[in-house]
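Fold and contact review
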Amino acid sequence: MAPQHSRRRARIAFSHSAAKQLENITNEAEIHALDRALVVISVHPDIGDPIPGDTTGPQLRQYADELEAVRVLYFVTALRTVVVVAYIEV
């Protein structure tokens, strides 16, 4: 019997505005919180809640990690790339 492979993680990319936000993060705790959220999203891209709005493009989603007090806004492309739009501290 062939070994079962785990699901491949989604690639993470950042919009220009999200990349600018990341440049300003200097606190180690914030970096850890965002990293933890990105790992969860990369493993399960559809985990976030859909944000109502325009349905002509990819569905904008939000993932909130109450333990780390962080919220990430993102969408998933057809090629399963997660594009982070914004990182928000809760």
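Only a predicted model underlies this, so the values are computations on that prediction, with no experimental measurement involved.

Below, the discussion takes up the overall build of the protein. Check the secondary structure of the protein and you find 2 helices and 5 strands. For the protein, the proportion of contacts with a sequence separation of at least 24, taken over those separated by at least 6, is 48%.

With respect to the helices and strands, Ser42 occurs in helix H2 (residues 28-43). Taking relative accessible area as the criterion, Ser42 reaches 5% and is therefore assigned buried. Polar side-chain contacts of Ser42 include one of 2.9 Å to the backbone oxygen of Val39. Sequence-distant contacts of Ser42, defined by excluding residues within four places in its chain, comprise Arg9, Ala10, Ile12 and Arg80.

Now for H2. For H2, spanning 16 residues, the distance from its first C-alpha to its last is 23 Å, which sits close to the expected 22 Å at 1.5 Å a residue. Along H2, the residues that are buried comprise Glu30, Ala33, Leu34, Ala37, Leu38, Ile41 and Ser42. Along the axis of H2, the buried positions cluster into a sector of 165°, meaning they face one direction only. Exposed side chains of H2 directed beyond 90 degrees from the buried face belong to Glu28 and Ala29. Where H2 begins, the capping side chain belongs to Asn27, and its oxygen is found 2.6 Å from the backbone nitrogen of Ala29.

On to the pattern of salt bridges, then. Enumeration over the complete set of coordinates arrives at 2 salt bridges. The partner of Lys20 in a salt bridge is Glu23, and the shortest N-O contact between them spans 3.9 Å. Of this pair, Lys20 and Glu23 both sit in helix H1 (residues 16-23), 3 residues apart, roughly one helical turn. Owing to a relative accessible area of 57%, Glu23 belongs among the exposed residues under this scheme. The salt bridge partner of Asp65 is Arg36, with a shortest N-O separation of 2.7 Å. Taken together, the residues span a long stretch of sequence, with Asp65 in strand S3 (residues 61-65) and Arg36 in helix H2 at a distance of 29 residues.

Criteria and cut-off values
- Residues numbered from 1 in each chain as written.
- Predicted model: local features only at pLDDT ≥ 70, side-chain atom pairs only at ≥ 80, totals over all residues.
- Heavy atoms only, no water.
- Helix = DSSP H or I, 4+ residues; strand = E, 2+ residues; numbered from the N terminus.
- Contact = heavy atoms within 4.5 Å.
- Buried < 20%, exposed > 50% of the residue type's maximum accessible area, 1.4 Å probe, protein only.
- Polar contact = N/O pair within 3.5 Å; in protein donor to acceptor, adjacent residues only side chain to side chain.
- Expected span 1.5 Å × (residues − 1).
- Arc of directions from axis to C-beta.
- Salt bridge = Lys/Arg side-chain N within 4 Å of Asp/Glu carboxyl O.

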